[in-house]
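One-letter residues, chain by chain:
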Amino acid sequence: SVVARRSYGTGSLFVRANRHGDESLFGQWRVDRVLVKRRIGPKRARSSSEGLTKAQAERELRRLIESMTVVPKVMDIAEAGKRWLAHLEAIGRRKSTLMDYESAVRIHLVPFFGARPIGKIVAADVERFMMVKRGEGRSPKSVRNWLGVLHSLLSYAEKRDLIPSNPCRKVDFPRIEETDADIRFLAPEGVEALLRAVDLDHEWGPTEHALYLTAAMTGLADGRGLRAESARADDGRGGVRSGRLAATPRPRESAARGPARALGLGGRWSRP
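Remember, it's a predicted structure, so these values are computed and weren't measured experimentally.

### Regarding the overall build of the protein chain
The number of helices and strands found in the protein chain is eight helices and seven strands. Expressed as a percentage of the 272 residues in the protein chain, the buried residues total 37%. Of the contacts made within the protein chain by residues no fewer than 6 positions apart, 49% connect residues no fewer than 24 positions apart. Accessible area of the protein chain: about 17,300 Å², with a carbon and sulfur share of 48%.

The following block contains the structure:
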């Protein structure tokens, strides 16, 4: 169904539904007598805050028409980034997400790629960006995030025929370790050692003991176990390590049991 009619040459909006009944807005217009069709975004349903309103879809359609009819001969990362961010805003991306993307483009991508046309960026340039950032001491996670922004930006440009292909697809992004090497999982004996390490004669000792015990007991009752990132505990060799408490999933088989019983501790976790 057609959502809006315009004067000849200014394009039009129409709605299509997928097999699940979800409706999306599409735009169509002509460029040099060639009919162009593009998905604008999801249509906003009544009494919903998700999706695009008619006014938002109109703005995005105008922007798409302009981007395909008035394309600079040389488009760099800065210009492509502006168009990409405007597109994301039009389709309803969160403001916080847009701010993060804009920051990555302005602080990291633009200074590195400069005035280089996006159509001349190749996989070797992307790899060099990755190596330079790692050489600056940036974490693999941060570099991977910035590469993800570059990948999305260039995918946007590729879909609009501004570049022949996205070079990021040929690059292996930095790997991120799934677990933090500083995190140690506490077995029941470890939790007991943690509780024994508390100085109960100190002013805050009883409170500290109660906090650790509560974290262990309530964490297990909520389907979680206890791990230590930093807490004072006997390391088994007469030393004491520092760390914090954090929660981690526990085996499903103990989910239906009581916390202390699941650990096989009985009543041993009472305060001395």
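Text resumes after the structure shown.
### What to know about unusual backbone geometry
Its identity as a non-glycine residue notwithstanding, Ser47 has a phi of 60 degrees, on the positive side. Looking at the secondary structure, you find Ser47 in the loop between β4 (34-42) and α1 (54-69). Judged by relative accessible area, Ser47 falls into the exposed class, the value being 88%. For Asp161, which is not glycine, the phi dihedral falls at a positive 60 degrees.

### Details of helix α5 (residues 140-159)
The end-to-end C-alpha distance of α5 is 28 Å, a good match for the 28 Å that 20 residues give at a rise of 1.5 Å each. Of the residues making up α5, those classed as buried are Val143, Trp146, Leu147, Val149, Leu150, Leu153, Leu154, Ser155, Tyr156, Ala157 and Glu158. Positive backbone phi, approximately 60 degrees, marks Asp161, located one or two places after α5.

### Side note on the side chain of Ser24
With respect to the helices, strands and loops of the structure, Ser24 is situated in strand β3 (residues 23-31). Within polar-contact distance, the side chain of Ser24 engages the side chain of Arg39 at 3.2 Å.

### Quick look at the packing of aromatic side chains
Two numbers describe a pair of aromatic rings. These are the distance of the centres and the angle of the planes. For the coordinates displayed, the defined rule picks out five aromatic pairs. Judged by centre distance (5.7 Å) and plane angle (15 degrees), the ring pair of Phe14 and Phe26 falls under stacked. Separated by 12 residues along the polypeptide, Phe14 in strand β2 (residues 12-17) and Phe26 in strand β3 bring together distant segments of the chain. Across this residue pair, the class does not change: Phe14 and Phe26 are buried.

### Points about the nonpolar core
Here is a general trend for soluble globular proteins: nonpolar side chains tend to be buried in one another's company. The biggest cluster of nonpolar side chains holds 29 residues, and the ones touching the most others in it are Ile77, Trp84, Leu109, Ile118 and Leu150. Sorting the residues of this core by element identifies α2 (77-90), α3 (95-113), α4 (123-135) and α5 as the ones contributing at least two each. Apart from the residues within four sequence positions on either side, Ile118 is in contact with Met75, Asp76, Ile77, Ala80, Leu154, Ala157, Leu162 and Ile163. Membership of the second largest hydrophobic core comes to 11 residues, among which are Val36, Ile40, Ala57 and Ile65.

### Side note on the pattern of salt bridges
Two side chains with opposite charge may pair up if their charged atoms get near one another. On inspection of all chains with the given rule, the structure shows nine salt bridges. Two residues, Arg83 and Glu79, come together in a salt bridge whose shortest N-O distance is 3.0 Å. Residue Arg83 and its partner Glu79 are located together in helix α2, separated by four residues, close to a single helical turn. Overall, Arg83 belongs to the buried group, its relative accessible area being 14%. With its nearest N and O atoms 3.5 Å apart, the salt bridge here joins Glu136 to Lys133. One salt-bridge network, held together by shared partners, links Lys133, Glu136 and Arg138.

### Looking at the confidence of the model for the protein chain
Averaged over all residues, the pLDDT of the protein chain is 75; the fraction at 70 or higher stands at 69%. Of the regions scoring below 50 in pLDDT, residues 1-8 engages in 20 contacts with residues more than four places distant in sequence or in other chains.

### A short note on α2
Two residues of an α-helix separated by three or four positions point the same way, owing to the 3.6 residues in each turn. Taking 1.5 Å of rise per residue, 14 residues should cover 20 Å, and α2 covers 20 Å from first to last C-alpha, within 8% of that figure. Taken together, the buried positions of α2 are occupied by Ile77, Ala80, Gly81, Arg83, Trp84, Leu85, His87, Leu88 and Ala90. Put simply, Asp76 is the residue that caps the front of α2, since its side-chain oxygen is 3.3 Å from the backbone nitrogen of Ala78. Of the residues trailing α2, Gly92 is marked for its positive phi of about 95 degrees.

### What about the side chain of His108?
Along the chain, His108 turns up in helix α3. Taking relative accessible area as the criterion, His108 reaches 7% and is therefore assigned buried. At 3.2 Å, the side chain of His108 and the side chain of Lys133 are in polar contact. Setting aside its immediate chain neighbours within four residues, His108 contacts Ser103, Phe129, Lys133, Arg138 and Trp146.

Criteria and cut-off values
- Residues numbered from 1 in each chain as written.
- Predicted model: local features only at pLDDT ≥ 70, side-chain atom pairs only at ≥ 80, totals over all residues.
- Heavy atoms only, no water.
- Helix = DSSP H or I, 4+ residues; strand = E, 2+ residues; numbered from the N terminus.
- Buried < 20%, exposed > 50% of the residue type's maximum accessible area, 1.4 Å probe, protein only.
- Contact = heavy atoms within 4.5 Å.
- Areas by Shrake-Rupley, 256 points an atom, 1.4 Å probe, with all protein chains shown as cover.
- Expected span 1.5 Å × (residues − 1).
- Polar contact = N/O pair within 3.5 Å; in protein donor to acceptor, adjacent residues only side chain to side chain.
- Phe/Tyr/Trp six-rings, centres within 6.5 Å; stacked < 30°, edge-to-face > 60°.
- Core = buried A, V, L, I, M, F, W, Y, C linked by side-chain atoms within 4.5 Å.
- Salt bridge = Lys/Arg side-chain N within 4 Å of Asp/Glu carboxyl O.
- pLDDT = per-residue confidence, 0-100.

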